[in-house]
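So you can see what is in the structure, the chains are spelled out below.
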Amino acid sequence: MGTTTSQAARPAKVKDGPGALPPRAGAGPGRRKRSMGVQNAAGWLFSMPFLVLFTVFMAFPILATLLMSFTDFGLRNVTRPWEANFIGFENYTELFGDEKFLKSLFNTAYFVVVGVPLTIALGLVVAVLLNNGIDRARTFFRVGFYAPVVTTIVAVAVVWRFVLDPSDGLIAGLFSEVGLTAPDFLGSETLAMPLMIAMAVWRNVGTVMVLFIAGLQAIPTEVREAARLDGAGVWQEFRGITVPLLRPTLLYATVITTIGYLNVFEEPFVMTQGGPSDSTLTVSLNMYREGFNFFHMGYASAMAYVLFVVIMGITVLQLRLLKDNTK
């Protein structure tokens, strides 16, 4: 009885050949194709708001700026853009004879060459200390180092400008306590840019720190333990294990920090307006002046695309130099 019941409960096997059951209606390739079509249509529908916003506020301005860089587009053409004259590469050739642009290009390079290594090195040191060396109040220190990152750059620049003010600033007060007069830090051609770099490093070290902490926590503990068993010291472990295994993180941190520093604008705009004597004038600030102060928009567009090419070239170079060592 039990055997009969169990056999009856089993599903019948589908036979192949002449006696096989016909396929279920609508279960063929056509139905699957229609289902994929519906899914694709739904995907495009949900993506449409982003695509519209991207096209209107990103793709179109980028293309318009590229076209504008080959014209003498100015204030008179804002309401009649079709009247702008096509001048070819004249804006680009004029750039490299412009002493102010070359000065801003040098200042930007100075900012990057000094600021990026300092930011990466300090961020790595802080990340190693917070990951291994500091046990108490570790979260407090992490939040403290990261707090400047989430603070508006304009607010940070205003605070630093107040601190460095030679008459009423915090440092001026400390100088007066010992009977000295504080120098005009932001009014000095030799001190303004280094102090601006110091502010940028202080603000951005938190971002690099977070990236390196994530990379350090991804290193297997077995590797470190094996190195210690082999007699490796702290420096040997750092140089032979930590740094090589952090190369992918180092690559990413270096690239994004370099791109950010090449686009530096808010710091000189708020703190020095590019002075004194253009010693803190950067390419982005120079571009802003040409476009929105003097309304040489075609010239400013050419400047923007030169900066874009520089950023792309440096990024590709960094990827080639560092990526080979991450394999």
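Refer to the preceding data block for the structure.
All of these numbers come straight from a predicted model, not from anything done at the bench.

S.K.: Requested: an account of helix H8 (residues 192-217), with residues and values cited.
M.R.: Compared with an ideal rise of 1.5 Å per residue, which puts 26 residues at 38 Å, H8 spans 38 Å between its outermost C-alpha atoms and is within 8% of the ideal. Of all the bends in H8, the largest measures some 40° and sits at asparagine 204.

S.K.: With reference to specific residues and values, describe the side chain of threonine 108.
M.R.: When you line up the elements, threonine 108 lands in helix H4 (residues 99-133). Using a relative accessible area of 2% as the deciding quantity, one classes threonine 108 as buried. Side-chain polar atoms of threonine 108 contact the backbone oxygen of serine 104, separated by 2.8 Å. If sequence neighbours within four positions are ignored, threonine 108 has contacts with Tyr261, Leu262, Thr282 and Val283.

S.K.: I'd love a proper account of the layout of surface pockets, names of residues and values included.
M.R.: By rolling a water-sized probe across the atoms, one finds the places where empty space is left. One number sums up the size of the largest pocket: a volume of about 440 Å³. Forming the boundary of the largest pocket are 18 residues, of which Thr65, Met287, Ala300, Ser301 and Ala304 lie nearest the centre. Among the elements of the structure, helix H2 (29-68), helix H13 (283-293) and helix H14 (297-323) are those that each provide at least two residues to the lining of the largest pocket. With seven residues, the single largest contributor to the lining of the largest pocket is H14. Grouping the amino acids of the lining of the largest pocket by side-chain chemistry returns 14 nonpolar, four polar and no charged.

S.K.: Any chance you could break down the environment of leucine 164 for me, citing the residues and the numbers?
M.R.: Position of leucine 164 among the secondary structure elements: in the loop between helix H6 (153-163) and helix H7 (170-177). Residues leucine 164 and alanine 182, spaced 18 residues apart in sequence, show a C-alpha to C-alpha distance of 8.9 Å. Non-local contacts of leucine 164, meaning those with residues more than four positions away in its chain, are made with Ile171, Phe185, Leu186, Leu195 and Met271.

S.K.: A description of the nonpolar core should follow, citing residues and the corresponding values.
M.R.: By size, the foremost hydrophobic cluster in this structure holds 50 residues, and its most contacted members are Phe111, Phe212 and Met271. Ranked by residue count, the leading element in this core is H8, at twelve residues. Not counting chain neighbours up to four residues away, the residues in contact with methionine 271 comprise Ala157, Trp160, Arg161, Leu164, Leu186, Met196 and Met199.

S.K.: Describe the pattern of salt bridges, and please don't skip the residues or the numbers.
M.R.: Counted by the stated rule, this structure contains four salt bridges. Put simply, aspartate 72 and arginine 76 hold a salt bridge, and the shortest N to O gap is 3.1 Å. Here aspartate 278 ties to arginine 289 by a salt bridge, and the two come within 3.8 Å at their closest N and O atoms. Of this pair, aspartate 278 sits in the loop between helix H12 (266-271) and H13 while arginine 289 sits in helix H13, and the two are eleven residues apart along the sequence. Look at the salt bridges and you will find they share partners, linking Lys100, Asp278 and Arg289 into a network.

What counts, and where the lines are drawn
- Residues numbered from 1 in each chain as written.
- Predicted model: local features only at pLDDT ≥ 70, side-chain atom pairs only at ≥ 80, totals over all residues.
- Heavy atoms only, no water.
- Helix = DSSP H or I, 4+ residues; strand = E, 2+ residues; numbered from the N terminus.
- Expected span 1.5 Å × (residues − 1).
- Bend = angle between axes of the 7 residues up to and from the residue.
- Buried < 20%, exposed > 50% of the residue type's maximum accessible area, 1.4 Å probe, protein only.
- Polar contact = N/O pair within 3.5 Å; in protein donor to acceptor, adjacent residues only side chain to side chain.
- Contact = heavy atoms within 4.5 Å.
- 1 Å grid on protein atoms, 1.4 Å probe; cavity = no way out; pocket = protein on both sides within 12 Å on 5 of 7 lines; lining within 4 Å.
- Points joined across faces, edges and corners; volume = space filled by probe spheres on them.
- Nonpolar A, V, L, I, M, F, W, Y, C, P; charged D, E, K, R; others polar.
- Core = buried A, V, L, I, M, F, W, Y, C linked by side-chain atoms within 4.5 Å.
- Salt bridge = Lys/Arg side-chain N within 4 Å of Asp/Glu carboxyl O.

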